[in-house]
Amino acid sequence: MREALNRWPWYAAVLAAYPMLHIAVTNPGQVEAGDVLPVVAVGIAAAFALVAILRSVMGTWTAAGLGAAWVALLFYLYAPVNEWWMDWVRSGLEQQAAEETWYRSHPQLVHSTAWALVALAGLARLRLSAKRIPGSVTGALNVVAALLVALIAVQAVSHAAKDRGKPAGSVASNVARAPSATAGPDIYFIVLDGYARADVLAKYYQYDNAPFLEGLRSRGFQVSDASRSNFYWTFLSIGSSLNLDYVQKLAPGTLAAGERDRTELYRLLRDNRASHFLRERGYRYVALQSTWGGTASNPYADTFLPCQAGLFGNEYLRAVADASWLRALGSQASMDIASCHLQNFETLAAQAKAPGPKFVFAHFVPPHHPYLFDRDGNVLRRATISDQFEFQKRLWEDRRSYVGQLEYVNRRIGAAVDRLIADSPRPPVILLISDHGPNLRVGMREPEQRHVRLSNLTAMYLPGAPAGFLPADETPVNHLRRVFNLYFDAKLPVLPDRYFVSSYLQPYELQEVDLANEVLPEQRGF
């Protein structure tokens, strides 16, 4: 038994596959088995091939296994070390401590070269001591590998148990049914992440957004001048609005204080009540890929429109690339998010000519940071999914960059809306909203921070709706309730407007606030 355990280093294949499997089992509902198995198979085959090659170089199976394990370790350590490395490079460029040297212009190439030299140095050292390494090392590492396999199996079973009894259609159980004799209008649900309300833009950014809003009104949009978001964070806000209710009622078992797992909320966001309601009335559910995790994929959509094709267009493979040495390939291995946004503007506008009826969901991260575009649409910098929030340190406080990106978004969204209205065979319904406002904090007390964060954009194109149909203080939880009542006579009650705040690290510790009666500091009062 011991001889068999010590004979062959199969642990090398486990070390190569374990991180890939970990990504899959810890992201249930976001990863398909058909995407995972080929990638894991390639990883295992590569490990076996490397062990065979190193056996001819090292002279022993024991040293060959250690060599393959060394390469696998460096393969997955590259990503975290690369984050530190890229921070250092960017910091030097931002501070302009020196002219942009060649190694600063090609950071991934420099890092990869250094990493390859480290790998070769380790293999050379192993070769020198290969015959002195006892075979029991292989046996011990094989036992460790077996424990890793057991751990990943337990994780997979645990996550599967959580989802047991949650069929895809269960979220629609509380939505009223009303059969429709004729096809309804196409419905576009467009989220502009972090887009501030007009008064916030005027007060804190010295920016007049009236021309954009008046342009929407001239097209027939109704605009809520005092709209507010119900929640602080994107996944709570969008999840609530797409499911026509507060998240506390949607997933009460997952909102325990101190809990951070977003699995169930992400599932509800993708497999939402709105899509089920409309499917029952003959609609297709169309989702555009975004650059934010919760809306970057959607296995529940009837049609999912990616903004990147090819080998690394698969989200799971991109996740593996971002977590490994493959990230050295940059946008070839990951997603260039500026290109994704540009493609999505065109994809959204083109949906008017696609067969209907359809419910189209599009989530644009801009004007939220990272600030990739200036006011004229010039791409300021390239970023990928893994480093998109590492290009500037001031984030929300970089108000000039925020306004520049917002101006460009205004033009592109305005053009897309024009095409949707002009090219649709029947006047469409268009909801143009933001999930929340900016997260400005410097120099502000908490009440003021809350008012800025919860003051969002709400504008809707509602053909046939009476003037004043949309309340001035509309909140996202009621958006689709009003739309479904108007066009499908759904008779859904309008919910009371409630507002909840929480911290990023404790998103489910929801504290309700009374914004209507909250008094702001006089020097910064609204």
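Residues numbered from 1 in each chain as written. Predicted model: local features only at pLDDT ≥ 70, side-chain atom pairs only at ≥ 80, totals over all residues. Heavy atoms only, no water.

## Some details on the overall build of the protein chain
Part 1 of the argument: Check the secondary structure of the protein chain and you find 18 helices and nine strands.
Part 2 of the argument: Among the 526 residues that make up the protein chain, the fraction classed as buried is 53%.
Part 3 of the argument: Within the protein chain, counting contacts between residues at least 6 apart in sequence, those at least 24 apart form 76% of the total.
Part 4 of the argument: Carbon and sulfur atoms provide 59% of the accessible area of the protein chain, an area that totals close to 23100 Å². (Helix = DSSP H or I, 4+ residues; strand = E, 2+ residues; numbered from the N terminus. Buried < 20%, exposed > 50% of the residue type's maximum accessible area, 1.4 Å probe, protein only. Contact = heavy atoms within 4.5 Å. Areas by Shrake-Rupley, 256 points an atom, 1.4 Å probe, with all protein chains shown as cover.)

## Section: helix α12 (residues 263–270)
Part 1 of the argument: By the criterion of burial, α12 is predominantly enclosed, with eight of the eight residues buried.
Part 2 of the argument: What α12 keeps buried is the set T263, E264, L265, Y266, R267, L268, L269 and R270.

## Side note on the state of the cysteines
Part 1 of the argument: The full count for this structure, using the stated rule, is one disulfide.
Part 2 of the argument: One disulfide in the model links C307 with C340; its S-S distance is 2.0 Å. Because the sign of the S-S torsion sets the handedness, a value of about -85° for the bond joining C307 and C340 places this disulfide among the left-handed ones. Taken together, the residues C307 in the loop between β4 (303–305) and α14 (315–322) and C340 in helix α15 (residues 337–350) connect sequence positions 33 residues apart. The burial state of C307 is the same as that of C340; both residues are buried. (Disulfide = S-S within 2.5 Å.)

## What about the sheet that holds strand β6 (residues 429–433)?
Part 1 of the argument: Taken together, the seven strands give an open sheet; going across it, the order is β2-β7-β6-β1-β5-β3-β4, and neighbouring strands pair in mixed fashion. Edge positions in the sheet fall to β2 (221–223) and β4, since each has one partner strand and no second. The mean inter-strand angle of the sheet, taken between neighbouring strand axes irrespective of direction, is 15°.
Part 2 of the argument: Relative to the sheet, helix α18 (residues 479–488) contacts β1 (187–192), β6 and β7 (458–461), its axis offset from that of β6 by approximately 170°. (Pairing = 2+ DSSP bridges. Axes fitted to C-alpha atoms, helices over the stretch in contact; angles between N-to-C directions.)

## As for the pairing of β6
As a general feature of sheets, a regular strand has side chains that alternate between the two faces.
Part 1 of the argument: Counting buried positions along β6 yields five of five residues, so the element is predominantly enclosed.
Part 2 of the argument: Because side chains alternate across β6, one face comprises the buried residues V429, L431 and I433, and the other comprises I430 and L432, equally buried.
Part 3 of the argument: Bridging between β1 and β6 involves five bridges; their strand directions are parallel. When the sheet's bridge partners are listed, V191 is paired in β6 with I433.
Part 4 of the argument: Of the pairings in the sheet, the one linking β6 to β7 comprises four bridges and is antiparallel in character. Of the residues in β7, the one forming a bridge with I433 is T458.

## Quick word on the confidence of the model for the protein chain
Part 1 of the argument: For the protein chain, per-residue confidence averages 83 on the pLDDT scale, and 81% of positions sit at 70 or higher.
Part 2 of the argument: With pLDDT under 50 throughout, residues 93–100 is counted as low confidence; its partners more than four residues away or in other chains account for seven contacts.
Part 3 of the argument: Across residues 165–181 the pLDDT falls below 50, and counting only partners more than four positions away or on other chains, this stretch makes 32 contacts in the model. (pLDDT = per-residue confidence, 0-100.)

## Description of the side chain of S229
Part 1 of the argument: With respect to the element layout, S229 can be found in the loop between β2 and α10 (234–242).
Part 2 of the argument: Residue class for S229 comes out buried when judged on its relative accessible area of 0%.
Part 3 of the argument: Looking at S229, its side chain comes within polar contact range of the main-chain oxygen of F231, at 2.9 Å.
Part 4 of the argument: Residue contacts for S229: discarding those within four places in its chain leaves S237, D435, H436, L454, N456, P476 and Y499. (Polar contact = N/O pair within 3.5 Å; in protein donor to acceptor, adjacent residues only side chain to side chain.)

## Looking at the packing of aromatic side chains
Part 1 of the argument: A full pass over the atoms with the stated rule returns 25 aromatic pairs.
Part 2 of the argument: Ring geometry for W233 against Y504: centres 5.4 Å apart, planes inclined by 70°, an arrangement best described as edge-to-face. Of this pair, W233 sits in the loop between β2 and α10 while Y504 sits in the loop between β8 (499–501) and β9 (511–513), placing them 271 residues apart in sequence.
Part 3 of the argument: Its relative accessible area of 12% is what places W233 among the buried residues. (Phe/Tyr/Trp six-rings, centres within 6.5 Å; stacked < 30°, edge-to-face > 60°.)

## Section: the nonpolar core
Part 1 of the argument: Ranked by internal contacts, the top residues of the largest apolar core, which has 53 residues, are I187, F189, F359 and F484.
Part 2 of the argument: Contacts of F484, omitting those with residues within four sequence positions, involve I187, L244, A274, F277, L278, D489, A490 and L492.
Part 3 of the argument: Among the nonpolar cores identified, the runner-up in size contains 48 residues, and Y207, Y402, V417 and L457 belong to it. (Core = buried A, V, L, I, M, F, W, Y, C linked by side-chain atoms within 4.5 Å.)

## Concerning the environment of S455
Part 1 of the argument: Assignment of secondary structure puts S455 in the loop between α17 (446–454) and β7.
Part 2 of the argument: Between the C-alpha atoms of S455 and R197, which are 258 residues apart in sequence, the distance is 5.5 Å.
Part 3 of the argument: Excluding its chain neighbours within four sequence positions, the residues that come into contact with S455 are Y195, A196, R197, V200, S227 and G437.
Part 4 of the argument: A polar side-chain atom of S455 sits 2.4 Å from the main-chain carbonyl oxygen of H451.

## Here we look at the pairing of strand β5 (residues 358–364)
Part 1 of the argument: The buried count for β5 comes to seven of seven residues, which makes it a mostly enclosed element.
Part 2 of the argument: The alternating pattern of β5 places K358, V360, A362 and F364 on one face and F359, F361 and H363 on the opposite face, and all of these are buried.
Part 3 of the argument: Bridging between β1 and β5 involves six bridges; their strand directions are parallel. Of the residues in β5, the one forming a bridge with F189 is F361.
Part 4 of the argument: Of the pairings in the sheet, the one linking strand β3 (residues 284–288) to β5 comprises four bridges and is parallel in character. Within β5, the residue paired with Y285 across the bridge is F359.

## What about the pattern of salt bridges?
Part 1 of the argument: Applying the stated rule across the entire model yields 18 salt bridges.
Part 2 of the argument: Salt-bridge contacts for R412 lead to E346; the nearest nitrogen and oxygen are separated by 3.1 Å. A residue pair is termed long-range when its members are at least 10 positions apart, and R412 in helix α16 (residues 399–423) and E346 in helix α15 qualify at 66 residues.
Part 3 of the argument: Residue R412 is classed as buried on the basis of its relative accessible area of 18%.
Part 4 of the argument: Accessibility expressed as a relative area gives 41% for E346, which makes it partly exposed.
Part 5 of the argument: Connected through salt bridges with shared partners, the residues E214, R217 and D225 form a single ionic network. (Salt bridge = Lys/Arg side-chain N within 4 Å of Asp/Glu carboxyl O.)

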